[in-house]
Amino acid sequence: MDVFTKTYPAPPYDKEEIFRYAGIKGDAREFTGLAEECLGEAEGKLSFRVCYARFPVSVRGDSVDLAFAAPRSSALAKNLAGCAFAYVFAATVGIGIDRMIAKYAVLSPAKAVMFQAIGAERIESLCNAFCGDLAREEGCALKPRFSPGYGDLPLALQKDIFRALRCEKNIALTLNESLLMSPSKSVTAIVGFAGKTAAL
Amino acid sequence: MIVKEYLKDHILYLDGGMGTLLQSCGTAAGELPERSNITRFETVAAIHQRYFEAGSNVVCTNTFGANCLKFSDAELEEIVARAFAAAKIARERCGGENRWIALDIGPTGRMLKPYGDLDFEDAVSVFSRTVKLGVKYGADLIFIETMSDSYETKAALLAAKENCDLPVFVSNAYGEDGKLMTGASPQAMVALLEGMGADAVGVNCSFGPKKLAAVAEEYVRLASVPVLLKPNAGLPRPSENGTVYDVDCGAFAAEVRALAEKGVRILGGCCGTTPEYIAALVKATEHIRPQPVVPKRETVISSYARAVEFGGAPVLIGERINPTGKKRFKEALRAGDVDYILKEGVAQQEKGVSVLDVNVGLPEIDERAMLETAVCELQAVTDLPLQIDTSDLSAMESALRRYNGKAMINSVNGKEESMAGVFPLVKKYGGVVVALTLDENGIPDRAEGRVKIAEKILRRAADYGIGEKDIVFDPLALTVSADKNAAAETLRAVELLARRGLKTSLGVSNVSFGLPHRDVVNGIFFTLALQAGLSAAIMNPYSEEMMKAFYAYNALIGRDDDCSAYIAFAAKLPERAQTAPPAAAEAEEYKSELQKAVIKGLKERAAALTKALAAEGDPLEIIRGEIIPALDVVGAGFENKTVYLPQLLMSAEAAKAAFEEIKAAMPEAKAAEKCRFVIATVKGDIHDIGKNIVKLLLENYGFAVTDLGKDVPSEKIAETAVALRAPIVGLSALMTTTVPAMEETIKRLRKDAPWCKVVVGGAVLTEEYAKMIGADKYAKDAMETVRYAEEIDASLHLRG
């Protein structure tokens, strides 16, 4: 399985998402200042990196053959039904945001919450940008991305993904003993493609 | 010939990619490539042979990920043994002259604390195990490569140095921004690695040679040891003929040659390169006369991110992390309140210092443990290099070990005992040491005497292999009120040392001891010392006169383009006339100005108002009558969902700033009025933002909070609950995988501290889950925890 890497420029911010992640549901005007301050401070401290591979998929009952692993998961089986191939990817916005969250956890929890929200929005935006590119390149629709831990897909699949994508070497993303990722604002996921046959 | 000898007059060729070739020979997706040493031994040997035949002097064993986190002890040994057997067979087949085998060591695959879960010392042990095996099976050198974290790089280099005498080459993987993933600049890495005695340093992986050129050239400019370059064949991309790398071997060889001509001395390839690339590279560069490696004279210290150089603009070293003469600081140290130290560090950074002195010595505390904690936690919140300040050698060593960079060390002096204790540590861990010009006979009165001691220190340092670039001399500022010539002699000593090209530092404020308006004297003395050539000052960045002297001096001698630094500094100076507090009318909808400040989350204002009130009335009354009611307004708003989390926290921070003023006004009083609350994030979980929020609010409401941090084992939580006889323990977990650790902690608490109530919270918990694992209470947010803690506290009072 060949693994590729991509580095993105910063995707445009979705401020409403940031406020939503920060738990601000209504009028956010009062927080614009705080958000701007944090965004300014985060500027240049994030990186947007993805590594990924394409592989053929076959689904039989609850067991899904992903070429690099064969987990049992009815939810993933349902998600990948009808797909002949899929991508697995790992994306991260880097350790910079973790540093800011840690720093402000001590100095200003309000800012820590804001950075937490910014990190969540950033990694989502990166995943969206990446999946958008895949859809364009493949010229067909993609299934909603599916991560270990969703539904009944075991979190332990993280280990297989890390091994297959060599995340540490490719994008400096690591997996710790309790299967958490460091840097923390990172995502691994499988994206199925419908409507085209595997041409690998 | 040994490899270091050969390197003196030759370009040394390394090999190219291993993983790429193994894969093209059919490694399955997800299979660990190191197992090929056992399963496909002949293939591995053949790849090494092809590299030797292509012209590589050094092949790296197929042991990139061979460590005890990934393999059992038995399998690890077999992998390393077979890896060396394969490389040796290849060497025998080609003839052994000028051909060496390097033990290849890549990252562990785990992130070190505090951002991951691998302890620094555990990382050192993991690498040590592999190094010992490499030595056992015949390594000629150690090649540490593709490291993207400076801290892990340090762990690997330390393991190599502690377990063998072989040459160690260290290579890092840089990102597109020219920095390591964890933030280090090339200058910071060169300082760290050379300080610890790496025999060659350099860059590999990531990109093709062109994209790594800037970093490689920076290495050549900075390093006093040979520089290595092992780039990828560009980046892989899919094509009709399968995956291809976008730099072909002709272009690769030409691009690397350009860098060899600029002084890179050790060449090879990484991902996507093959024996053909190495053959082309050798052909393109073998005619080049290797550039001599020139020793550099710069005095540099570093943090995980940045380097600070001495000898240009004067370096300000913040002196405030030091308990001497500070009541509040001592109290914080005794209480183990590390947050206090962290805030002091960040505040000094904001004032403009470039280095933080860290001194946490108090007779009644365990200085070694405290210094280690302070250093580890400080480097999580600030990117400034630290100056380790202690006279306790064991504390100095443990702090240097854990320090993520090349530290400044305070201090050594001309006494034989001091030099024999400190210099070995400087040599082993790297560092720039402050050398005080005193010895067994005390401090010489005259400048010449101090210079003589400096010379003695230099000679002794040289015996340990420490050069003058790693020493900064402190010719000692003495009190001018005790001896009218004291300041003049010190200034003369600075000048004499500077004239010889040596770096100097002074603890400036000593000079004014016993005089009124000390700030004035300090500021002028500092200016004179700068003029005499002072390289650095340990000083108080809150002293306006000192900062004025610093910025004005830099502007006056042409070190401040357009005077922009001075202008930015001057803009922050307070106006002469203090502005009166705004009219009371503004506070109409609030009960008072202070309550408004807390509710609105205005930190500085809340602190200023509290300070004024505390000077007049009963500080405790301010808490009861002003701060708590204001917090209640915000807390109720949060519960009714009219106030959001960031607002709640801004208020809490403002309240905390107010409390600090109250504590300062009445340091003798008990800081907390309510019961003890022990709080921790459970074992395996490294998220602590939720826990910190709860802690902040609990402190606001007067609880005595003991914060054990994150990733805390159940035994430690139970021990603390018992030792403090804590009525409440709060546990946080964010991951489903760490909820079992929470359950185990509760079980242990039930057994060891049956009186204790346990409240749990965190993203994955629910009411039912909490019940299932035996908690007394599930709190959905920080306010609910406070309410519950208040209930428990009230019930304690009822029972008397």
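The rules behind each value
- Residues numbered from 1 in each chain as written.
- Chains lettered and ligands numbered in written order.
- Predicted model: local features only at pLDDT ≥ 70, side-chain atom pairs only at ≥ 80, totals over all residues.
- Heavy atoms only, no water.
- Axes fitted to C-alpha atoms, helices over the stretch in contact; angles between N-to-C directions.
- Helix = DSSP H or I, 4+ residues; strand = E, 2+ residues; numbered from the N terminus.
- Parallel < 35°, antiparallel > 145°, perpendicular 65-115°, else oblique.
- Left-handed = near helix turned anticlockwise from the far one by under 90°.
- Contact = heavy atoms within 4.5 Å.
- Nonpolar A, V, L, I, M, F, W, Y, C, P; charged D, E, K, R; others polar.
- Expected span 1.5 Å × (residues − 1).
- Salt bridge = Lys/Arg side-chain N within 4 Å of Asp/Glu carboxyl O.
- Buried < 20%, exposed > 50% of the residue type's maximum accessible area, 1.4 Å probe, protein only.
- Pairing = 2+ DSSP bridges.
- 1 Å grid on protein atoms, 1.4 Å probe; cavity = no way out; pocket = protein on both sides within 12 Å on 5 of 7 lines; lining within 4 Å.
- Points joined across faces, edges and corners; volume = space filled by probe spheres on them.
- Core = buried A, V, L, I, M, F, W, Y, C linked by side-chain atoms within 4.5 Å.
- pLDDT = per-residue confidence, 0-100.
- Domains from an automatic or database assignment.
- Phe/Tyr/Trp six-rings, centres within 6.5 Å; stacked < 30°, edge-to-face > 60°.
- Patch = residues over 30% accessible without salt bridge, like charges linked within 9 Å, V, L, I, M, F, W, Y side chains within 5 Å.
- Areas by Shrake-Rupley, 256 points an atom, 1.4 Å probe, with all protein chains shown as cover.
- Right-handed = clockwise from strand over helix to strand, strands pointing away.
- Buried area = accessible area lost by both parts, 1.4 Å probe.

## Structural notes on the packing of helix α17 (residues 447–463) of chain B against helix α18 (residues 486–499) of chain B
All names here are of chain B.
Then step 1. Two elements in contact, α17 and α18, have axes separated by 8 Å at closest approach and are oriented at 45 degrees. The angle between the axes of α17 and α18 places the two elements in the oblique class. For α17 against α18, the interelement crossing comes out right-handed. When α17 is examined against α18, the residues Ala447, Glu448, Arg450, Val451 and Ala454 are found in contact with a partner set consisting of Glu489, Thr490, Arg492, Ala493, Leu496 and Leu497.
Then step 2. For the contact of α17 with α18, the class distribution of residues is six nonpolar, one polar and four charged.

## Thoughts on helix α5 (residues 109–138) of chain A
Then step 1. The end-to-end C-alpha distance of α5(A) is 43 Å, a good match for the 44 Å that 30 residues give at a rise of 1.5 Å each.
Then step 2. One or two steps after α5(A), the chain reaches Gly139(A), where phi turns positive at roughly 70 degrees.

## What to know about the pattern of salt bridges
Residue and element names in this part refer to chain B.
Then step 1. According to the stated counting rule, one finds 67 salt bridges over all chains in the structure shown.
Then step 2. In this structure, Arg328 engages Glu331 in a salt bridge whose closest nitrogen and oxygen atoms are separated by 3.9 Å. With Arg328 and Glu331 both in helix α12 (residues 327–334), this residue pair falls three residues apart, about one helical turn.
Then step 3. Arg328 sits in the buried class, given a relative accessible area of 15%.

## Notes on the sheet that holds strand β13 (residues 315–321) of chain B
By way of backbone hydrogen bonds, the strands of a sheet pair with one another, either parallel or antiparallel.
Residues and elements named next belong to chain B.
Then step 1. Pairing is parallel around the closed barrel formed by eight strands, whose spatial order is β13-β14-β15-β16-β17-β18-β19-β20. Between one strand axis and the next, the sheet turns by 30 degrees as a mean value, whatever way the strands run.
Then step 2. Note: β13 against strand β14 (residues 355–358), three bridges, orientation parallel. Its bridge partner lying in β14, Gly318 is registered against Leu356.
Then step 3. Here helix α14 (residues 367–381) sits on the sheet in contact with β13, β14 and β15 (386–389), set at roughly 175 degrees to β15.

## Observations concerning the environment of Val191(A)
Then step 1. Positionally, Val191(A) belongs in strand β8 (residues 186–194).
Then step 2. Sequence-distant contacts of Val191(A), that is, excluding residues within four places in its chain, are made with Ala86(A), Tyr87(A), Phe89(A), Cys131(A), Leu142(A), Lys143(A) and Arg145(A).

## So, empty space enclosed by the protein
Then step 1. Tallied over the full model, the rule gives four cavities of 30 Å³ or more.
Then step 2. Quantified by volume, the largest cavity comes out at close to 130 Å³.
Then step 3. Examining the composition of the lining of the largest cavity, we find that three residues originate from one element, α14(B), more than from any other.
Then step 4. Approximately 70 Å³ is the volume attributed to the second largest cavity.
Then step 5. In terms of lining, the second largest cavity is formed by Glu168(A), Ala172(A), Thr174(A), Pro107(B), Arg110(B), Met111(B), Ser148(B), Asp149(B), Glu152(B) and Met181(B).
Then step 6. The residue makeup of the lining of the second largest cavity, split by class, is four nonpolar, two polar and four charged.

## With respect to the nonpolar core
Then step 1. In terms of nonpolar packing, the biggest core is built from 252 residues, with Phe89(A), Met114(A), Ile144(B) and Phe526(B) touching the most fellow members.
Then step 2. For this core, the leading source of residues is α5(A), giving 13 residues.
Then step 3. The contact partners of Phe526(B), leaving out residues within four places of it in the chain, are Leu316(B), Val508(B), Leu534(B), Ala537(B), Met546(B), Ala549(B) and Phe550(B).
Then step 4. With 30 residues, the next largest nonpolar core counts Phe68(A), Ala69(A), Cys83(A) and Ala90(A) among its residues.

## Considering the confidence of the model for chain B
Then step 1. This prediction gives chain B a mean pLDDT of 92; 96% of its residues lie at or above 70.
Then step 2. This complex was scored by the predictor with a pTM of 0.87 and an ipTM of 0.89.

## Brief notes about the domain arrangement of chain B
Then step 1. Partitioning chain B into domains gives domain 1 (3–285), domain 2 (584–665) and domain 3 (676–799).
Then step 2. The C-alpha centroid of domain 2 of chain B is placed 57 Å from the C-alpha centroid of domain 1 of chain B.

## Quick look at the packing of aromatic side chains
Then step 1. This model, assessed by the stated rule, comprises 19 aromatic pairs over all chains.
Then step 2. Centre to centre, the rings of Phe31(A) and Tyr644(B) are 6.0 Å apart; their planes meet at 55 degrees, and the pair counts as tilted. Residue Phe31(A) is located in the loop between α1 (15–21) and α2 (32–42), and its partner Tyr644(B) is located in the loop between α24 (619–639) and α25 (645–665); the two belong to separate chains. Across the pair, exposure class does not vary: Phe31(A) and Tyr644(B) are buried alike.
Then step 3. Through a chain of ring-to-ring contacts, the aromatic side chains of Phe4(A), Tyr52(A), Phe85(A), Tyr87(A), Phe89(A), Phe130(A) and Phe193(A) assemble into a single cluster.

## Details of the sheet that holds strand β25 (residues 777–778) of chain B
Residue and element names in this part refer to chain B.
Then step 1. Across the sheet, which stays open at both edges, the five strands sit in the order β22-β21-β23-β24-β25 with parallel pairing between neighbours. Every other strand in the sheet has two partners, leaving β22 (704–707) and β25 as the edge strands with one partner each.
Then step 2. Summarising the sheet, strand β24 (residues 757–761) and β25 pair through two bridges and their orientation is parallel. By the bridge assignment for β25, Val760 is matched with Tyr778.
Then step 3. Sheet strands in contact with helix α27 (residues 714–723) are β21 (676–681), β22 and β23 (728–732), and its direction is about 160 degrees off that of β23.
Then step 4. Relative to the sheet, helix α28 (residues 739–752) contacts β23 and β24, its axis offset from that of β24 by approximately 170 degrees.

## What about a nonpolar patch on the surface?
All names here are of chain B.
Then step 1. A contiguous nonpolar surface patch, about 270 Å² in accessible area, is contributed by Val520, Ile524 and Leu528.
Then step 2. Position of Ile524 relative to the elements: it lies in helix α19 (residues 518–531).
Then step 3. On the accessibility criterion, Ile524 (52% relative accessible area) is exposed.

## Section: the side chain of Thr745(B)
All names here are of chain B.
Then step 1. Mapped onto the elements of the fold, Thr745 is located in helix α28.
Then step 2. Here Thr745 falls in the buried class, since its relative accessible area comes to 1%.
Then step 3. If we ignore the near neighbours within four places in the chain, the residues touching Thr745 are Val682, Ser714, Ile717 and Leu731.

## Looking at the pairing of strand β16 (residues 408–413) of chain B
Residue and element names in this part refer to chain B.
Then step 1. In terms of residue burial, β16 counts as a mostly covered element, since five of its six residues are buried.
Then step 2. The sheet contact formed by β15 and β16 spans three bridges and is parallel. Counterpart to Gln387 in the pairing with β16 is Met408.
Then step 3. Considered for its hand, the β-α-β crossover made up of β15, helix α15 (residues 393–402) and β16 is right-handed.
Then step 4. Where β16 lies against strand β17 (residues 432–436), five bridges are found, and the strand directions are parallel. For Asn410, the partnering residue across the bridge sits in β17 and is Val434.
Then step 5. The parallel pair β16 and β17, bridged by helix α16 (residues 416–429), forms a crossover whose chirality is right-handed.

## Overview of the interface of chain A and chain B
Then step 1. On the chain B side, the residues contacting the 49 residues of chain A number 54 residues.
Then step 2. Across the interface of chain A and chain B, roughly 4400 Å² is buried in total on both sides, 64% from carbon and sulfur atoms.
Then step 3. Its largest share of buried area at the contact with chain B, chain A owes to Arg99(A), Glu168(A) and Lys169(A), together 15% of the area lost on that side.
Then step 4. Along the contact surface separating chain A from chain B lie two salt bridges.
Then step 5. Two residues, Lys70(B) and Glu168(A), come together in a salt bridge whose shortest N-O distance is 3.4 Å.
Then step 6. Those elements that provide at least two residues to the side of chain A that touches chain B are β1 (4–8), α4 (96–107), α5, α6 (157–165), α7 (167–171) and β6 (174–175) of chain A.
Then step 7. Broken down by element, the residue count for the side of chain A that touches chain B peaks at eight residues, all from α4(A).
Then step 8. Its residues assigned to classes, the side of chain A that touches chain B comprises 25 nonpolar, eleven polar and 13 charged.

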